[in-house]
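Analysis of the macromolecular model
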Amino acid sequence: MAFAQLIGYGVLTLVVWKLVQRRASGKANALDVAGPEKEHWWKGNMESMIVDGFQRCLDIAADYGGAVKIHALFGEEWLYVSDPRALHHILVKEQHIFEENDGFLFCNKLIFGDGLISTLGEQHRKQRKMLNPVFSASNMRELLSVIQTISHQLKSTLVSKISACSEHDHARRRESIELDVLPWLSRSSLDCICEGVLGYHSAALDGNEDEYTDALRMLSPSISKTVVFRPLVPIVMRNCSLYWRKKIVDWLTISWLPTQTMKNLRELRRVVEIMDSANRAIFQEKRAALQLPSPLLQTHDTSGRTKGKDMMSIMLRANASSSEADRLSDAELLGQMNVMIFAGLETTTVAVARVLYMLAKHPHIQEQLRTEICGAMAAYQVPDADHPHTEDDSGARLSYDVLMNLPLLNAVVRETLRLYPSLPILTRRTTKAASVPLQFPVRSISGEEIDAVHVAKNQRLVISIIAANHNQAVWGEDASEWKPDRWLHSSQGVAPGDKDAVKYSGVYSSMMTFLAGNRSCIGFKFAEMEIKDVLATLLPAIHFALPSEPDENGNVKEIYWKMSAFHTPVVKAPAGDGETPHLPLSMRLVRE
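As a starting point, this report considers the structure included with it. All values reported here derive from a predicted model rather than from experimental measurement. (Residues numbered from 1 in each chain as written. Predicted model: local features only at pLDDT ≥ 70, side-chain atom pairs only at ≥ 80, totals over all residues. Heavy atoms only, no water.)

**Considerations on the overall build of the chain**
A tally of regular secondary structure across the chain gives 22 helices and 16 strands. The burial tally for the chain puts 52% of its 592 residues in the buried class. Residue pairs in contact within the chain that sit at least 24 positions apart in sequence constitute 73% of those at least 6 positions apart. Looking at the chain as shown, the accessible area adds up to about 26,600 Å², and 55% of this sits on carbon and sulfur atoms. (Helix = DSSP H or I, 4+ residues; strand = E, 2+ residues; numbered from the N terminus. Buried < 20%, exposed > 50% of the residue type's maximum accessible area, 1.4 Å probe, protein only. Contact = heavy atoms within 4.5 Å. Areas by Shrake-Rupley, 256 points an atom, 1.4 Å probe, with all protein chains shown as cover.)

**Let's talk about the sheet that holds strand E10 (residues 460–464)**
Taken in spatial order, the 5 strands line up as E1-E2-E10-E7-E3 in an open sheet, and their pairing is mixed. A strand with exactly one partner marks an edge of an open sheet, and here the two such strands are strand E1 (67–71) and strand E3 (98–99). Inspection of the sheet shows E1 paired to strand E2 (residues 77–81) by 5 bridges, in the antiparallel sense. Bridged to Ala 67 within E2 is Val 81. (Pairing = 2+ DSSP bridges.)

**Points about the side chain of Lys 69**
Summarising the element assignment, Lys 69 is placed in strand E1. Apart from the residues within four sequence positions on either side, Lys 69 is in contact with Leu 31, Val 33, Ala 34, Gly 35, Pro 36, Glu 77, Trp 78 and Ile 445.

**Focus on the side chain of Glu 372**
Its location among the elements puts Glu 372 in helix H16 (residues 363–380). This buried residue, Glu 372, is left without a salt bridge; Lys 532 holds the nearest opposite charge, at 9.0 Å. A polar contact of 2.8 Å, which involves the side chain of Glu 372, links it to the backbone nitrogen of Leu 408. (Lys, Arg positive; Asp, Glu negative; His and termini not counted. Salt bridge = Lys/Arg side-chain N within 4 Å of Asp/Glu carboxyl O. Polar contact = N/O pair within 3.5 Å; in protein donor to acceptor, adjacent residues only side chain to side chain.)

**Some details on the packing of aromatic side chains**
Inspection of the entire model under this criterion finds 12 aromatic pairs. Among the aromatic residues, those joined into a ring-pair cluster are Trp 41, Trp 42 and Phe 74. The cationic tip of Arg 187 hangs over the ring face of Trp 184; the distance from NZ or CZ to the ring centre is 5.6 Å. (Phe/Tyr/Trp six-rings, centres within 6.5 Å; stacked < 30°, edge-to-face > 60°. Lys NZ or Arg CZ within 6 Å of the ring centre and 35° of its normal.)

This is the structure:
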């Protein structure tokens, strides 16, 4: 015990020493750009920006512009960037100079393995080359029927709960029910990811609670709760052998450290080990199935309802047919599995939840969208031979092209993803000294107007996705207002996010939600398709509204979106605790 504690103190001393060294190096290369004063002697401005800092992140950009000096831990100076030209320079033009932070890369490698979000350079390029065709429009078309089946199951579940409530409260003529929809949206997203990515039938909407699916649901919350360890990981990884790294993790995750922080770290380790073990088993099954002759492959299909069309099966076949130089290792293929599950689960759940919340706040837009979807269903629905018509017409589905091109649905999804990106900020570091050009000039420390910021080697930067997506100079004075109509005007030649020929270089609708360049989100088409299909399935049957009935203490639930690693809906006190994720909405069946 004493020896383990001694090792722990030694690691802490090393970490502090490295941070002091970094601060000393930073002082020699101070940023000459204006920014807010330091708010805390060692936390700087970071706590107010990261811990529920949505408005703070917007205010800093509004006050100081698209390039701002902020104070990180122990006095280190970081550059906070949201300027369109600067982001194009960092993410597209000179991306080899502005790499992911080592803390981000090392943590991702420990959790996910050698996936896209933990690799750099040639290895990342090779992985991206292999994965790009997996997310093609043709593959999305093939997967849509799987997503539609899950969306209809989600609808049936919610409709049955509303009907049961109406029957129970028939004497009170009560038609609506207040229900926390977040767990059901999470289960739906989990089924979509497991079926679409892995070809694994998780049956989360059926109430399946096996160890693997539970671990997948706990992954994102566990990562968010242990973000405090991120700055320490690169120091340990660079200065300790594999043997000592494992020993340190063993010591940090044993029960003699009873604090909540250490409990969170133990939980993350448990979740990662369960996920890794199960994914390895699924991977081996799929690879073994691909070795079988075609007739036997049909009888030994492990791909659930996807019939071998899931992304993992597509990737394994593509990898097997690639040249030796382009082929990915088993470790890299497993890494892609882990990354795709993580990237698609929490982010899509939160995105669908936010759209339903916004439609509940704006019932007139909800009704317009319902009319559009029902009209498309009547005009363009295509029967699915695998899912014949039932009483609720679940066998009739929109084609991929119709679903993806409904004008108002497109506008609602785009506007919500613009205002409320699932990942509000990301980080980068410089591999050498550079100059970051600006579209809109900012002030230096002395007050002089400058159109470029000089950065030293190893300079840390914060990429502010939310500040970019709310930039009034690009999106207009109403940039922070939820107005889906702005996207409908684009058909008249007025493109949102393109003001005076200035726009962001994001891969999705000129916004930065899915980033830009070779490190942009490779799966955004899958996410967009899933979000749209869930909405197109739920809205014709269910009307959503904000909570209005008081609880037993006379309090009406007020929903608040809390920002940490992700945006999370909570219920404010006194009706809720302001911490536990909940999205209670009032639901009723749509009247004919």
